[in-house]
Amino acid sequence: MPRVDLLSFTLEEAAEELRGLSLPKYRAGQIFAWLHKGVDFPAMVNLPADLRTSLAERYVAQPAVILENKLSGRDDTVKFLFGLQDGQCVEGVLMRYRHGRTLCVSTQAGCRMGCVFCASAIGGRVRNLTPGEMLGQVVSVNRYLGDAGHVSRVVLMGSGEPLDNYANVIKFLRLFTGSSGAMISMRRISLSTCGLVPEMLKLAREGLPVTLCVSLHAPNDAVRVKLIPAASSYPIEDVLQACRNYTQVTGRRVILEYALIDGVNTSESDARELAERLRGMRCHVNLIPLNPIPESGLNPSSEADSERFEQILKAGHVSVTRRRELGDDIGGACGQLRRSCLSRQEAMK
Ligand code: SAH
């Protein structure tokens, strides 16, 4: 029997859940505070010992434990492999910048969107993560950091499509609001989607001012559906309309992600078509160097092509930057560590 993942509960829900144990009212708050600091039951030192034991029998305090961490030799990036109760694993990446620490969090084990360049798509979706398993990644890394600080930004850009696990992702975001240890403002959270239009429209109305990032990766539908099979349900114009709606409702500009792939989406005419399509739209384009995975046969574009692409967008008055790639020497991109863990597990069978 898997133990109940108490980190998925709001403070009110936790209090309700713990009522069965006839505890004084303040205990729920104490337990909640420990959970959000990533502390396991035996170490909750202000609780009576017998309570710690009975909590540990019923509940899991750390639904996403760090199994492995790998520090980049070139920068300060750390890649984590988190183990879940049922033996699944997901990964996260901690990027340290001058202004803080950003954790890339996974929302599903695997993914069913099928993007041809992405390691998480291989093998499809195994299951959705619970809100506690997502929050667990953040609190585990906070524990790992200890006195060195805590996660100050979260990007939902690990494995999975956040809007394909809508209810759990929304709850995960709301847990931060009531959080006592892992507090992060919504403005410091970015959610990346491959463009699921109905959920993008719904998200705009949630009253959660997260930064919305949309994986565009192409200037038109013909190129886009080849890269993102899930895009065949949502034409690019509908996706951009949903972005404009997000900005209108939340006041926040949307980030459009565009991975530069050699010979696929980086020609002069691709850049012109994109600039034309985005004309007058309040958005920012983030050009990402493709992180090649052997399975795809796709390669990053040359420096010269990337530069030309950026300059054409700039000339078209599109706000654009090229993202520096952190941690590419440690399989920093998208599902690569989980893949290598799964193949090791496979080899041990
Ligand atoms: N499902 C979400 C989150 C995915 S990961 C989404 O599609 O947006 C975050 C970003 O990394 C997405 O823009 C995704 O398209 C991109 N990405 C995935 N694999 C990549 C790779 N190998 N190289 C560069 N970017 C990649």
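Everything numeric in this text was worked out from a predicted model, so none of it was measured. Residue numbers here run from 1 along each chain, matching the order of that chain's written sequence. Owing to the predicted nature of the model, reporting of local features is limited to residues with pLDDT of at least 70; listing and counting of side-chain atom pairs is limited to 80 or more, with chain, interface and lining totals taken over all residues. The side-chain numbers reported here are obtained from all heavy atoms of the structure, hydrogens and water having been left aside.

**Some details on the sheet that holds strand β5 (residues 89-97)**
Spelled out, the test is: Note: two strands are recorded as paired if DSSP finds a minimum of 2 bridges between them. Where helices and strands are cited, they refer to DSSP runs of H or I of at least four residues and of E of at least two residues respectively, numbered from the N terminus. Helix axes are fitted to C-alpha atoms over the stretch in contact, other axes to C-alpha atoms as well, and angles between N-to-C directions run from 0 to 180 degrees.
With mixed pairing, ten strands are arranged side by side in an open sheet as β3-β4-β5-β6-β9-β10-β11-β12-β13-β14. The two strands at the open ends of the sheet, each matched to only one other strand, are β3 (65-71) and β14 (320-322). Taken over all neighbouring pairs, the strand axes of this sheet differ in orientation by 20° on average, direction set aside. One ladder, built from four bridges, connects strand β10 (residues 189-193) with strand β11 (residues 211-215); its direction is parallel. Note that in β11 the partner of Ser190 across the bridge is Thr211.

**With respect to the environment of Ser140**
To be explicit about the condition: Contact definition: two residues touch when any of their heavy atoms are within 4.5 Å.
With respect to the helices and strands, the residue Ser140 is situated in helix α4 (residues 131-145). Put simply, Ser140 and Phe80 are 60 residues apart on the chain and 10.0 Å apart in space, counted from C-alpha to C-alpha. Setting aside its immediate chain neighbours within four residues, Ser140 contacts Ala64, Val65, Ile66 and Phe82.

**A closer look at the packing of α4 against helix α5 (residues 166-177)**
When two helices pack together, their arrangement is captured by the angle between the axes and the distance separating the axes. As a reminder, the rule being used: Angles below 35 degrees are treated as roughly parallel, those above 145 as roughly antiparallel, those between 65 and 115 as roughly perpendicular, and all remaining angles as oblique. In this scheme, a crossing is called left-handed if the near helix is turned counterclockwise away from the far one by less than a right angle; it is called right-handed if the turn is clockwise. In this count, Pro and Cys sit with the nonpolar residues alongside Ala, Val, Leu, Ile, Met, Phe, Trp and Tyr, while Asp, Glu, Lys and Arg are called charged and the others, Gly among them, polar.
Put simply, α4 and α5 touch, their axes get as near as 8 Å, and they point 45° apart. The angle between α4 and α5 places the two elements in the oblique class. In terms of crossing hand, the pair formed by α4 and α5 is right-handed. Here Pro131, Met134, Leu135 and Val138 of α4 come into contact with α5, specifically with Asn168, Val169, Lys171, Phe172, Leu175 and Phe176. Considering only residue class, the contact of α4 with α5 consists of eight nonpolar, one polar and one charged.

**Focus on the pairing of strand β4 (residues 78-83)**
Consecutive side chains of a regular strand alternate in pointing toward one face of the sheet and then the other. What counts here: The classification of residues rests on relative accessible area computed with a 1.4 Å probe and restricted to protein chains. Under 20% of the type maximum is buried, over 50% is exposed, and intermediate values are partly exposed.
Within β4, six of the six residues are buried, which leaves it mostly tucked inside the rest of the structure. Of the two faces of β4, the one carrying Val78, Phe80 and Phe82 and the one carrying Lys79, Leu81 and Gly83 are both buried. Where β3 and β4 come together, six bridges link them in antiparallel fashion. Each bridged residue has a counterpart across the sheet, and for Val65 the counterpart in β4 is Gly83. A loop of six residues connects β3 with β4, the two strands running antiparallel in sequence. Relative to β5, β4 runs antiparallel, the two sharing six bridges. Bridging from a neighbouring strand, Phe80 pairs with Gly92 of β5.

**Topic: the nonpolar core**
Let me state the cut-off plainly: Residues enter a nonpolar core if they are buried and are Ala, Val, Leu, Ile, Met, Phe, Trp, Tyr or Cys, with the set joined through side-chain atoms within 4.5 Å.
Ranked by internal contacts, the top residues of the largest apolar core, which has 100 residues, are Val154, Leu173, Phe176 and Leu256. Element by element, the count of residues in this core is highest for α5, at seven residues. Residues within four places of Leu173 in sequence aside, it is in contact with Leu156, Met186, Ile189, Leu191, Leu208 and Val210.

**A few points about the site of the ligand**
Basically, it comes down to this: Summary of the distance rule: residues count as near a molecule or strand when at least one heavy atom falls within 4 Å of that molecule or strand. By the criterion applied in these results, polar contacts are pairs of N or O atoms within 3.5 Å in which, for protein atoms, one can donate a hydrogen and the other can accept it, and in which residues neighboring in sequence qualify only through two side-chain atoms. All accessible areas in this document rest on Shrake-Rupley with a 1.4 Å probe, and a residue is counted as covered only by the protein chains that are shown.
Around the ligand sit 16 residues in total, of which Glu161, Ser192, Ser215, His217 and Asn291 are the nearest. Glu257 is positioned with one of its side-chain polar atoms (N or O) 3.2 Å from an oxygen atom of the ligand. In isolation the ligand exposes 530 Å². Once the protein is present, 95% of that is buried. Residues that form the shell around the ligand fall into these classes: eight nonpolar, six polar and two charged.

**Observations regarding helix α10 (residues 303-315)**
Selection rule: Each residue after the first adds 1.5 Å to the expected span of a helix.
Between the first and last C-alpha of α10 there are 18 Å, a value that for 13 residues agrees with the 18 Å anticipated at 1.5 Å per step. Its buried side turned inward, α10 meets β12 (254-260), α9 (268-278), β13 (283-289) and β14. At the exit of α10 stands His317, carrying a positive phi of roughly 60°.

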